[in-house]
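Chain and residue survey
Residue strings, one per chain:
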2 protein chains.
Amino acid sequence: MTGSEQRDPGGALSRRVPDLGAMELLMAVARLGSLGRAARELGISQPAASGRMRALERQLGVALVRRSTGGSALTEEGAVVTEWARRVLEAAADFDAGARALRGRRDSRLRVAASMTVAEYLLPGWLTALHARHPGTAVSLAAGNSVVVAQQVAAGEADLGFVEGLDVPAALDAAVIGRDRLLVVVAPGHPWAARRRPLPAAELAATPLLLREEGSGTRQVLDAALTAHGGPPAVPLLELASTTAVKSAAVGGAGPAVLSELAVADELSAHRLAAVPVAGLDLRRALRAVWPAGHRPAGPARDLLALTRPAAGAKAALRSM
Amino acid sequence: MTGSEQRDPGGALSRRVPDLGAMELLMAVARLGSLGRAARELGISQPAASGRMRALERQLGVALVRRSTGGSALTEEGAVVTEWARRVLEAAADFDAGARALRGRRDSRLRVAASMTVAEYLLPGWLTALHARHPGTAVSLAAGNSVVVAQQVAAGEADLGFVEGLDVPAALDAAVIGRDRLLVVVAPGHPWAARRRPLPAAELAATPLLLREEGSGTRQVLDAALTAHGGPPAVPLLELASTTAVKSAAVGGAGPAVLSELAVADELSAHRLAAVPVAGLDLRRALRAVWPAGHRPAGPARDLLALTRPAAGAKAALRSM
DNA sequence: CGCGGGTCATAAGCGGCGGCTATGACCTGA
DNA sequence: TCAGGTCATAGCCGCCGCTTATGACCCGCG
């Protein structure tokens, strides 16, 4: 430790990280090569951009741009920081796409209903892509469990639905758009994290777990798999209101949790959680798009549906590295 | 379009997206189940948290928490929004980890030198993981091209280096920690995006491309592959200062670009860029950790190195979905 | 050679937003 | 019934980022 730094480890991230506006400015400067042009693009005055950039560099303690008469170019450090900023802004753009859809509610062109897992982890990216390719599309989003989603689609309250789970109501047509699997995860310090042999299903069933509340799709699939295996349903150690809360508790070491692999991909790759293999338990489930039987999706619904499939191609690209 | 909304499409994202502090507050409320407790954790007063949350809900136009006497629980929409916020904050935490390392510079325990690709796309995640597992470790980061990195490590100015490319200087020991591949990418509207057959290498060599400046590792590998194939080196359409700038230009439709798959994974999965297969051109390259010959990494350097390997396991988890 | 057009920086004023303290309303459990 | 927890409202204030106005600097052009 250098002494003066790190006085607040773990708390108040937003104090140590620059503003989204500052990151946006940095990216604009990187792209346009000039503080003034960046300012104009963002709709602020040139002095404002100059001052903001200076403050940003002061906060980070690093020179980000080399100013000259003919413009401003990134330093090496600036290029690196810009890329980090881009990742943050990309997540923010997903947030924005989702939030817009959530606010829309009525009178929107494309009404989507999605299960929590899809709404949380997949839909924001699809919506940003949709916005990039079809900027005029207004979308509204209703999030709920798979049963509610199916009802809304069947009742004509939503044009397109996304559900996870085993069964599809007869009133709906469906297409599988991906697969999902529940994982048993623990904090890296947990005894299970060191296991090499798969965990017996009976031991999992006997261990109190961090779970979503009863009625969640995740919980249903877990109980179904355990009972199909001949055991009792899962025993809750804590029942928490949201996926995020379950994850936080698991990362904090409260106990083992069972969550969608989509929900824990980040934590796994950052080694904040470890996956525990389980013997002989099928925790896979299909993610499906659903729509009223007979009514082939058209227009905006078709556009969105088209975006959900070729994700396989992108994953293939990642896979090959 | 509902009329009043979307008056500023594409510009000033930071106007439409809540503050990082607001997102942090939302996550704290989700985890702790109470505005007051969240306020205490963030070091602000309870009324401040209350007001901020109210403002957040007003901005998004959605009720996020259900307030009651016994605390505050997330609504369905709140759970979804919280997860989106978590993604943003995770990217912000990576930013923070990188920025800390960048500021450290001198007098730090572990001095890392990394090529641009590694520094931009991989290192922030490793640093957050390192911080999570070994909170006391202070890290400094120098970013530059692979040659500079090798020099710094050889000169003892860095304890551990990360390079991409073909050759490793004799003065250094190295371990391959991953593979990387250059991709030819174009905007979705570009003619090449619709190709089914691979692009002949000669056509690639004959087409002006968006490239990093001469001397970058990416450029070197591309030229090496083209000349090994018997052709001329790449022809620049534009030479840009940073990976981010190249990407922006490519997304904007300026022309084809050649970039690391790590750099374009996000854009590919969001369909802002499309990968173009190229016939008979080997654009793979190894990512290596390097250290002074004979000096096996120990202490913090060993900890960090250990985090870079099991990433393969995490990728395997994603792969299986 | 001096003049416009571009760059960035400095100076001074101002408005808003987020913070604080103080207080009150409300429910619950002892 | 009272203590302790919840959240909300009110009024004040300081900071931070915005604005406009100006100046320094460099380039290319007439």
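Above this text sits the structure in question.
Residues numbered from 1 in each chain as written. Chains lettered and ligands numbered in written order. Predicted model: local features only at pLDDT ≥ 70, side-chain atom pairs only at ≥ 80, totals over all residues. Heavy atoms only, no water.

Some points on the overall build of chain A
Along chain A, the regular secondary structure elements total 14 helices and 11 strands. Along the first, second and third principal axes, the C-alpha atoms of chain A reach 75 × 55 × 35 Å. Put simply, chain A has 321 residues, and 54% of those count as buried. Split by element, the accessible area of chain A, about 13,500 Å² in all, is 52% carbon and sulfur. (Helix = DSSP H or I, 4+ residues; strand = E, 2+ residues; numbered from the N terminus. Buried < 20%, exposed > 50% of the residue type's maximum accessible area, 1.4 Å probe, protein only. Areas by Shrake-Rupley, 256 points an atom, 1.4 Å probe, with all protein chains shown as cover.)

As for the packing of aromatic side chains
Here the distance between the centres and the angle between the planes together describe a pair of aromatic rings. Counted by the stated rule, this structure contains four aromatic pairs over all chains. Taking the centre distance of 6.4 Å and the plane angle of 75° together, the rings of F95 of chain A and W84 of chain B count as edge-to-face. One end of the pair, F95 of chain A, is in helix 5 (residues 76-104); the other, W84 of chain B, is in helix 5 (residues 76-104), on a second chain. Taken as a pair, F95 of chain A and W84 of chain B share a single burial class, namely buried. Note on W126 of chain A and F162 of chain A: the rings are 5.2 Å apart at their centroids and 50° apart in plane angle, and the pair reads as tilted. Taken together, the residues W126 of chain A in helix 7 (residues 123-133) and F162 of chain A in strand 5 (residues 160-165) connect sequence positions 36 residues apart. Overall, the relative accessible area of 9% leaves W126 of chain A in the buried class. Looking at F162 of chain A, the relative accessible area reads 0%, which means it is buried. (Phe/Tyr/Trp six-rings, centres within 6.5 Å; stacked < 30°, edge-to-face > 60°.)

A short note on the protein's contact with DNA strand D
Of all residues adjacent to DNA strand D, which total 21 residues, the nearest are S45 of chain A together with L35, S50, R67 and S72 of chain B. Considering DNA strand D, the proportion of its atoms within 4 Å of the protein that are sugar or phosphate atoms stands at 72%. One of the side-chain nitrogen or oxygen atoms of Q46 of chain B is found 3.1 Å away from a base nitrogen of DNA strand D. Separating a phosphate oxygen of DNA strand D from a side-chain N or O atom of R67 of chain B is a distance of 3.2 Å. For the surface near DNA strand D, the secondary-structure elements that each account for two or more residues are helix 4 (46-60) of chain A together with helix 3 (35-42), helix 4 (46-60), strand 1 (65-68) and strand 2 (71-74) of chain B. Among the residues forming the surface near DNA strand D, the class breakdown is five nonpolar, 11 polar and five charged. (Near = heavy atom within 4 Å. Polar contact = N/O pair within 3.5 Å; in protein donor to acceptor, adjacent residues only side chain to side chain. Nonpolar A, V, L, I, M, F, W, Y, C, P; charged D, E, K, R; others polar.)

Any link to function would need more than the numbers given here.
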